[in-house]
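For reference, the chains in residue letters:
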Amino acid sequence: MNYVSFSPLYVNLLTISGLFSLNKSTIELAKPLVSNLGPISAVALSQLELANQMLGQSMNKSQKSALSPAVKTLDGERDNFLGEIFRVSGSYLKSSDDNKKSAASIMQLYLAPYKGVASQPINIETGTVADMIVKYKASPALIAAAQTLDIDGVFDKLESKNTELNDIYNNRNNEYSERDLSASTVKPDAVTAYIQFCTALEQAYNYTPNDTITALFNKLDEFRKKYHALEGGKDAPSDNTPAK
């Protein structure tokens, strides 16, 4: 008898979301057929479903944060301050007041490299605005121009808002990291449950086959071939033995 095995798949090298997706597809395909899979495969499928539910719950928690609304609000407020600085300085370029017109010209030369900054990703914008503030505070001419245009207070507000946003953004990232770690601790159980189910089905295919088991085996093998292309990471098995 020639023992037929599933195609190689290093399940532990899949991302958490990739593993969840593979398990979910496997469960959805196998569950309606469970009565024809044999008792061992049925128990293994039940364990796989439980493990994947726990993995999914951990993933959902890692994707939500109570800090997200605050990040969005602060980003909008920061963008409003930026917009005010650009708008006010631009409005005085054709002023009849020579002092304001000169101040606006100085300010516009300084602002030119920062056009479009408000459309940058939040963390990139934070770094750009911080650079913008450093250059502003280091230039007596820019500070004087801002005072002439009465936007020096807006610069102060922009700096304060940028710092506040950066702190909350970093806190949210730390929260995500902690939750991702939580999901990572659940991942091994989901990996093990998948391997055990595939092992049980593989044995059923070889020793107690029927049309349902054969069809399911072939379909799951197709899944494995597709997910094999998604493997990637540094935790490859040292003995190069593919997980089943």
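Residue numbering note: each chain is counted from 1, following its sequence as written. Restriction of local features to residues with pLDDT of at least 70 applies here, the model being predicted, together with a cutoff of 80 or more for giving and counting side-chain atom pairs; totals for whole chains, interfaces and linings are based on all residues. Values shown for side chains rest on all heavy atoms present in the structure; no hydrogens or waters enter the calculation.

Looking at the packing of helix H3 (residues 68-91) against helix H4 (residues 98-111)
- To get an axis, fit a line to the C-alpha atoms, keeping to the stretch in contact for a helix; angles then go from 0 to 180 degrees between the N-to-C directions. Starting at the N terminus, helices and strands are each numbered in turn, a helix being any DSSP run of H or I of at least four residues and a strand any DSSP run of E of at least two. One way to put it is that H3 packs onto H4 with a least axis distance of 8 Å and a crossing angle of 140°. As the angle between them shows, H3 and H4 are arranged oblique. Crossing angle aside, the handedness with which H3 passes H4 is left-handed. Residues Ile-85, Phe-86, Ser-89 and Gly-90 of H3 lie in contact with H4, whose contacting residues are Ala-104, Met-107, Gln-108 and Leu-111.
- Charged means Asp, Glu, Lys or Arg here, nonpolar means Ala, Val, Leu, Ile, Met, Phe, Trp, Tyr, Cys or Pro, and polar covers whatever is left, Gly included. For the contact of H3 with H4, the per-class residue count stands at five nonpolar, three polar and no charged. Here roughly perpendicular refers to angles of 65 to 115 degrees, roughly parallel to angles under 35, roughly antiparallel to angles over 145, and oblique to all remaining angles. Crossing handedness follows the turn of the near helix against the far one: under a right angle anticlockwise gives a left-handed crossing, and clockwise gives a right-handed one. Note on definitions: a residue-residue contact is assigned when non-hydrogen atoms from the two residues lie within 4.5 Å.

Concerning unusual backbone geometry
- Non-glycine residue Asp-150 carries a positive phi angle of around 60°.
- Turning to its location among the elements, Asp-150 is positioned in the loop between helix H6 (140-148) and helix H7 (152-207).
- Of the residues examined, Asp-150 reaches a relative accessible area of 63% and is grouped as exposed. Partly exposed describes any residue whose relative accessible area lies between the buried limit of under 20% and the exposed limit of over 50%, with all areas from a 1.4 Å probe on protein chains only and scaled to the type maximum.

Digging into the packing of aromatic side chains
- In this scheme Phe, Tyr and Trp rings, the latter by its six-membered ring, pair at centre separations within 6.5 Å, and the angle between planes marks the pair as stacked below 30 degrees, edge-to-face above 60, and tilted otherwise. According to the stated counting rule, one finds six aromatic pairs in the structure shown.
- With 4.2 Å between their ring centres and 20° between their planes, Phe-6 and Phe-217 make a pair best called stacked. Here the residue Phe-6 occupies a position in the segment before helix H1 (16-30), and Phe-217 occupies one in helix H8 (residues 211-228), the gap between them amounting to 211 residues.
- Under the relative-accessibility criterion, Phe-217 is labelled buried at 3%.
- Ring geometry for Tyr-110 versus Phe-155: centroids 6.3 Å apart, planes at 45°, classification tilted. With Tyr-110 in helix H4 and Phe-155 in helix H7, this pair connects stretches of sequence that are 45 residues apart.
- Given the relative accessible area of 10%, Tyr-110 is considered buried.

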